[in-house]
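# Structural overview
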Amino acid sequence: MRASPILSNFNGGELSPRLDGRTDFEKYGSGCSVMENFIPTVQGPAVFRGGTRFVAAVRQNAYRSWLSRFEFNYVQAFVLEWTNTKLAFFTNRGRLLSGGAPYEITTPYTAADLVNTEGGFALSMAQSSDVIYIAGGNKPPQKLSRLGNTNWTIAEFQPTAGPWMDANLVETDTIYASAQTGSVTLTANTARFTSAHIGALIRLEVQNQSKVPPWEPDQTINISELRRSDGKTYKAANAGKTGSVKPTHDKGFAWDGSKDTGSPSNVNWEFQDAGYGIARITAVTDSTHATATVLTQLPDGVVTSGGATWRWLWGAWGAHNEYPRRVTLYRDRLTWTGTRNVWTSVAGDYENLSPDDVGQQTDESAINVSPASGEANAIRRVAAADALLVGTAGGEFAIGPQTTSDPFGPANVKAPIQSGFGGRELPSPRVGDSVFFVDKTGRKLREVRYNVDTATYQAADMTVLAEHVTRGGLIDLAWQQSPESILWAVRADGVLVGLTYEKEQNVYGWSRCPLGGTDTVVESITCIPAPDGTQDDLWLSVRRTVNGATFRSVEYMERPYRDGDDRRDAFYVDCGLSYTGAAVSSVSGLGHLEGETVALVVDGSAHPDRVVTGGAISLQLAGTHVVAG
């Protein structure tokens, strides 16, 4: 007697051929040998994925375009289209226009800058309100600002202080400045400057503190005399006798006693410097001379040849060293990563990466930490969870406070290794309390999740059920929360794949979703909320052969048909468009599919295929609802 049990649950997705004989496996009865263009759902059924709606041709058809997201809030969201030195925008499911023309701005990134060595998007972004901070692309970090929907600017992000390289320790290598403020000339006694230093910060510290007498109480002071206190330099704003209150302020003026104007009065001290000053190199004359703009006043003790000091250090960013490669926000600190270093900003002050505050290290000061391991692998990704998760090609680290009872700061930080899987330089989407990353082979997608029992972050393999689905490696990731919980990915061969994921329901299942068309390749994806806020839209940059030529377009995926929907509006074609209105016997506006044979649904029923000619097709019978693609 044979039994044919009903299979009503398909949320195990497509299973690996290696599991064909594993009838004992819990997801065996809910999996499929092939799941193509269907999506596993949390409830159990597999639903036919929605088609993709054509939005616009890319701005530069000769170049691959990369998509990223900007979400000010759930009803103000943009898709950013990055191509060769240009950035264009989409919003409200259409291209952003200004004066009837596509709105775009110029960027410093060439097509080569936008792709990394593994075939993924080279730029990393962190958003704070209307500003996006950008790292990567072998370029200085950038700051993209939205001043208005059709008023975006991009400019180099230049921190006011830090981060810094190691200080010079050779006492015979000195530098001095020509003045304390403004544009100054820096003079070194050895070959020190190259053109690579242009744009870099330099910090000059007083070598000999004895040049400025210390502040002492009950001393007669003349106007403009200098005194030092707690390593800071102050200038007398009036003549008088010092009081009993030692000056410690780090800006403006403060009295060292009473403000009486009688004779003798106390002294009002103006803060000058913290024993050091910061300048930015603007030009290099030769190996021993450079021009710089002073950002924070230089001490008098480093000016002219008599102030030559060996206590100087270079900023860590620039062509002379490296530019940051990844960026994120963690605990109200803008956090950047370089090859081996992690730099955070001062807490709440994103443009200040100084490790001290006028010479004093505080809990809010910037942090510079290098995850320690036995291998010299570069940092490839960073993601903010309860800890700052940093990954290299050889392992994963969790940066956070050493003790949770004290504030996270430079004196309370640790960076222990969590695993040794290693990963690629790709986005690390956060889903709930998990973070996903692609391992160094490109084939395995891992979920990083904190394990209370071991007090460590563990990285589970989410492709163990369908390792064949990621064949060729993954190059892009995007998380879609609604209408289905899906982590979408793009394979190196341009095939779109998806992982339906709902941890609380123990649902995780893979499917493959190749798009229609000739030689179709998905080149990039991202997700933003739909204009009405009812779901998340998956946006795709797609390359096809259309009418014998390469054609690139930007599209978004429609949601699948649901009970209660008008079947005439069901959208199951790719790169398609739809018409709703008075009955028509022909449809135009299909120039993007010129010469192609398109599938049609007219008034909810299948219609014979048509070839697009002159951007239009004719219908057998007039219809009020037409879908073609």
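Residues numbered from 1 in each chain as written. Predicted model: local features only at pLDDT ≥ 70, side-chain atom pairs only at ≥ 80, totals over all residues. Heavy atoms only, no water.

### Considering a negative patch on the surface
Selection criterion: Patch membership is restricted to residues that have no salt bridge and whose relative accessible area is over 30%. Joining uses 9 Å for like charges and 5 Å for the nonpolar side chains Val, Leu, Ile, Met, Phe, Trp and Tyr. The Shrake-Rupley method, run with a 1.4 Å probe, gives the accessible areas here. Residue values count only the displayed protein chains as cover. Salt bridge, as used here, is a side-chain nitrogen of Lys or Arg placed within 4 Å of a carboxyl oxygen of Asp or Glu. Positive charges come from Lys and Arg alone, negative charges from Asp and Glu alone, with His and the N- and C-terminal ends not counted. To locate a charge, the coordinates of NZ of Lys, CZ of Arg, CG of Asp or CD of Glu are taken. Comment: elements are numbered from the N terminus, with helices defined as DSSP H or I runs of at least four residues and strands as E runs of at least two.
Together, Asp357, Asp363, Glu364 and Asp406 give the surface a local cluster of negative charge. Turning to its location among the elements, Asp363 is positioned in the loop between strand S31 (342-344) and strand S32 (368-369).

### Remarks on the sheet that holds strand S46 (residues 536-546)
This is how it is decided: Criterion used throughout: strands pair if DSSP finds at least two bridges between them. Note on definitions: angles span 0 to 180 degrees between N-to-C directions of axes, and those axes are lines fitted to C-alpha atoms, for helices only across the stretch in contact.
The 4 strands are arranged S5-S47-S46-S45 in an open sheet whose pairing can be described as antiparallel. On the outer flanks of this sheet lie strand S5 (52-57) and strand S45 (518-529), each paired with one strand and no other. Within the sheet, the average angular offset between the axes of one strand and its neighbour, ignoring direction, is 30°. As paired strands, S5 and strand S47 (residues 549-557) are joined by 5 bridges and run antiparallel to one another. Residue pairing in the sheet places Ala57 in a bridge with Ser553 of S47.

### Section: unusual backbone geometry
Keep in mind that most residues, glycine aside, have a negative phi and that most peptide bonds are trans. Residue Pro163 is bonded to the preceding Gly162 through a cis peptide linkage, with omega at -10°. In this structure, the amide linkage connecting Ser482 to the following residue, Pro483, adopts the cis form with an omega of 10°. With respect to the helices and strands, the residue Pro483 is situated in the loop between strand S41 (474-480) and strand S42 (486-491). For Thr304, which is not glycine, the phi torsion reads 65° and is therefore positive.

### Focus: the state of the cysteines
Definition in use: Here, the term disulfide refers to a pair of cysteine sulfur atoms separated by no more than 2.5 Å. Burial classes follow relative accessibility: with a 1.4 Å probe on protein chains only, a residue under 20% of its type's maximum area counts as buried, one over 50% as exposed, and anything between as partly exposed.
Tallying each qualifying case throughout the model produces 0 disulfides. Between Cys513, a free cysteine, and Cys32, which holds the nearest cysteine sulfur, the sulfur-to-sulfur gap is 13 Å. By relative accessible area, which is 0% here, Cys513 ends up buried.

### So, a nonpolar patch on the surface
Taken together, the side chains of Phe38, Phe48, Tyr561 and Tyr572 make up a nonpolar region of the molecular surface, amounting to roughly 350 Å² of accessible area. Structurally, Tyr561 can be placed in the loop between S47 and strand S48 (577-587). Owing to a relative accessible area of 37%, Tyr561 belongs among the partly exposed residues under this scheme.

### Describing the pairing of strand S8 (residues 86-91)
Here S8 lies mainly inside the structure; 5 of its 6 residues are buried. As paired strands, strand S7 (residues 76-83) and S8 are joined by 5 bridges and run antiparallel to one another. Residue pairing for S8: Val79 is matched across the bridge by Phe90. In this structure, the hairpin formed by S7 and S8 is closed by a connection of 2 residues, where Thr85 is found at a positive phi of approximately 60°. Two strands pair when backbone bridges link them, and S8 and strand S12 (residues 104-106) are joined in this way by 3 bridges, in the antiparallel orientation.

### Side note on the layout of surface pockets
Counted only if it meets this: Computed over the protein atoms alone on a 1 Å grid, cavities are sets of points where a 1.4 Å probe fits but cannot get out and pockets are open sets with protein on both sides within 12 Å along at least five of seven lines; a residue lines them when it has an atom within 4 Å of a point. Grid points are joined across faces, edges and corners, and a volume is the space filled by probe spheres set on the points. Basically, the charged four are Asp, Glu, Lys and Arg, the nonpolar ten are Ala, Val, Leu, Ile, Met, Phe, Trp, Tyr, Cys and Pro, and anything else, Gly included, counts as polar.
One number sums up the size of the largest pocket: a volume of about 1,100 Å³. The wall of the largest pocket is formed by 37 residues, among which Arg69, Met125, Pro427, Ser428 and Pro429 lie closest to the centre. Sorting the residues of the lining of the largest pocket by element identifies strand S6 (66-73), strand S13 (124-128), strand S29 (326-330), strand S33 (379-384), S41 and S45 as the ones contributing at least two each. It is S45 that provides the largest number of residues to the lining of the largest pocket, a total of 6 residues. Grouping the amino acids of the lining of the largest pocket by side-chain chemistry returns 22 nonpolar, 8 polar and 7 charged. By volume, the second largest pocket is sized at about 460 Å³. What lines the second largest pocket is a set of 23 residues, and nearest its centre among them are Tyr276, Thr296, Asn352, Asp357 and Val358. Going through the elements one at a time, strand S25 (268-273) and strand S26 (276-286) are the ones with two or more residues in the lining of the second largest pocket. The element contributing the most residues to the lining of the second largest pocket is S25, with 3 residues. In terms of residue class, the lining of the second largest pocket is built from 7 nonpolar, 8 polar and 8 charged.

### Brief notes about the sheet that holds strand S40 (residues 456-461)
Within the open sheet, the 4 strands sit side by side as S37-S38-S39-S40. Their pairing is antiparallel. If you trace the sheet from one side to the other, it starts and ends with strand S37 (430-431) and S40, each paired once. In the sheet, S37 pairs with strand S38 (residues 434-438) via 2 bridges, with the strands oriented antiparallel. Residue Arg430 lies in a different strand from S38, and its bridge partner there is Val435.

### Examining the packing of aromatic side chains
So the rule is basically this: The criterion for an aromatic pair is that two Phe, Tyr or Trp rings (for Trp, the six-membered ring) have centres within 6.5 Å, with stacked assigned to planes under 30 degrees apart, edge-to-face to planes over 60 apart and tilted to the rest.
Under the counting rule described, the total for this entry stands at 24 aromatic pairs. Ring geometry for Tyr234 and Phe271: centres 5.9 Å apart, planes at 70°, overall edge-to-face. Within this pair, whereas Tyr234 is found in strand S22 (residues 232-236), its partner Phe271 is found in strand S25, the two being separated by 37 residues in sequence. Accessibility assignment for this pair places Tyr234 and Phe271 in one class, buried. Here the aromatic rings of Trp539 and Tyr556 are separated by 5.5 Å at their centres, their planes lie at 40°, and the arrangement is tilted. Taken together, the positions of Trp539 in strand S46 and Tyr556 in strand S47 put the pair 17 residues apart, joining distant regions of the chain. A relative accessible area of 5% means that Tyr556 is categorised as buried. Aromatic ring contacts, followed pair by pair, group Tyr133, Phe157, Trp317, Trp336, Trp343 and Tyr350 into a single cluster.

### Considering the pattern of salt bridges
One pass over the full model with this rule turns up 33 salt bridges. One salt bridge in this structure joins Lys139 and Asp113, with 2.5 Å as the shortest N-O distance. Of this pair, Lys139 sits in the loop between strand S14 (131-135) and strand S15 (142-148) while Asp113 sits in the loop between S12 and S13, placing them 26 residues apart in sequence. Judged by its relative accessible area of 11%, Asp113 is buried. For Arg380, the salt bridge is made with Glu118, and the minimal N-O distance between the two is 2.5 Å. Here Arg380 is found in strand S33, whereas its partner Glu118 is found in the loop between S12 and S13, with 262 residues between them in sequence.

### Considering empty space enclosed by the protein
By the definition in use, this model includes 4 cavities of 30 Å³ or more. Computed from the structure, the largest cavity encloses a volume of approximately 140 Å³. Mapped onto the lining of the largest cavity, the elements with two or more residues apiece are S33, strand S34 (388-392), strand S35 (396-399), strand S36 (417-419), S38 and S40.

### With respect to the environment of His320
What counts here: Every residue pair with non-hydrogen atoms within 4.5 Å of one another is taken to be in contact.
Summarising the element assignment, His320 is placed in the loop between strand S28 (312-314) and S29. The class for His320 is partly exposed, based on a relative accessible area of 22%. Sequence-wise, His320 and Leu204 are 116 residues apart; in three dimensions their C-alpha atoms are separated by 18 Å. Not counting the four nearest positions on each side in its chain, His320 is found in contact with Met165, Ala196, His197, Ala200, Trp314 and Gly315.

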